[in-house]
Amino acid sequence: GENVEQHPSTLSVQEGDSAVIKCTYSDSASNYFPWYKQELGKRPQLIIDIRSNVGEKKDQRIAVTLNKTAKHFSLHITETQPEDSAVYFCAASIQGGSEKLVFGKGTKLTVNP
Amino acid sequence: KAGVTQTPRYLIKTRGQQVTLSCSPISGHRSVSWYQQTPGQGLQFLFEYFSETQRNKGNFPGRFSGRQFSNSRSEMNVSTLELGDSALYLCASREVRGSMNTEAFFGQGTRLTVV
């Protein structure tokens, strides 16, 4: 079955710096890759997603890139702010109607003011 | 629109007991999935229901079961509880649009503690 590896497990940056989180997946059939942000004690919330027919997607300070050949995708956050501090999860699934998200283990991002 | 609602928020149970958790999806969302979140294993898929049918199942023992009602509300049941079942149980609902993956909206979760 699908396996998603996520690195790093923790990341500390200074406010204003960029943060990059990387994920690799094993199943070449996976074609949908969402990223979730989970603040302490709160529910995971989708921040951005990308489908396999797209190589990059941006939404303000957040971008995701996908390399299908290498089977990896990355989250880029620019101009980080303290409110970006949270745990970020990448996930992969196979488009086809049935929902099964396979998640990475998460990255705890701390943005120091 | 109201979000995904899970009840109860917290539960404490004793080993060997069983427990039922409830999830009310966003109105119009017919797919409901359940995930177990633990510090060691992260978020793991339990199962997905659509139109009262289980469409997919993760690698959990048969003690974990679920169902979905005609109004799309879902319940999951864990029988013969073990200490290792202590976790945050999250449900997620999504709109179904053909074969297109759509955003999964998560509930606040039910924190289950087995003592």
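The rules behind each value
- Residues numbered from 1 in each chain as written.
- Chains lettered and ligands numbered in written order.
- Predicted model: local features only at pLDDT ≥ 70, side-chain atom pairs only at ≥ 80, totals over all residues.
- Heavy atoms only, no water.
- Pairing = 2+ DSSP bridges.
- Helix = DSSP H or I, 4+ residues; strand = E, 2+ residues; numbered from the N terminus.
- Axes fitted to C-alpha atoms, helices over the stretch in contact; angles between N-to-C directions.
- Disulfide = S-S within 2.5 Å.
- Buried < 20%, exposed > 50% of the residue type's maximum accessible area, 1.4 Å probe, protein only.

Q: Just to check I follow, could you spell out the sheet that holds strand β1 (residues 5-7) of chain B for this structure?
A: Within a sheet, neighbouring strands are paired by backbone hydrogen bonds and run either parallel or antiparallel to one another. Residue and element names in this part refer to chain B. Pairing in this open sheet of four strands is antiparallel, and the strands run β1-β3-β8-β7 from one edge to the other. Looking at which strands have only one partner, the edges of the open sheet turn out to be β1 and β7 (64-68). Taking each pair of neighbouring strands and ignoring which way they run, the sheet shows an average axis angle of 20 degrees.

Q: What is the right way to read the state of the cysteines from this model?
A: Each disulfide consists of one covalent bond between the sulfur atoms belonging to two cysteines. Tallied over the entire structure, the rule returns two disulfides over all chains. Covalently, cysteine 23 of chain A is tied to cysteine 90 of chain A through a disulfide, its sulfur atoms 1.9 Å apart. Here cysteine 23 of chain A and cysteine 90 of chain A share a disulfide; its torsion about the S-S bond, -100 degrees, makes the bridge left-handed. Here cysteine 90 of chain A lies in strand β9 (residues 86-92) and cysteine 23 of chain A lies in strand β3 (residues 19-25), a separation of 67 residues in the sequence. Like cysteine 23 of chain A, the residue cysteine 90 of chain A is buried in the burial classification. At a sulfur-sulfur separation of 1.8 Å, the disulfide partner of cysteine 23 of chain B is cysteine 91 of chain B. Sign of the S-S torsion, about 60 degrees for the bond between cysteine 23 of chain B and cysteine 91 of chain B, identifies this disulfide as right-handed. Taken together, the residues span a long stretch of sequence, with cysteine 23 of chain B in strand β3 (residues 19-24) and cysteine 91 of chain B in strand β9 (residues 87-94) at a distance of 68 residues. Of the two residues examined, cysteine 23 of chain B and cysteine 91 of chain B, each falls in the buried class.

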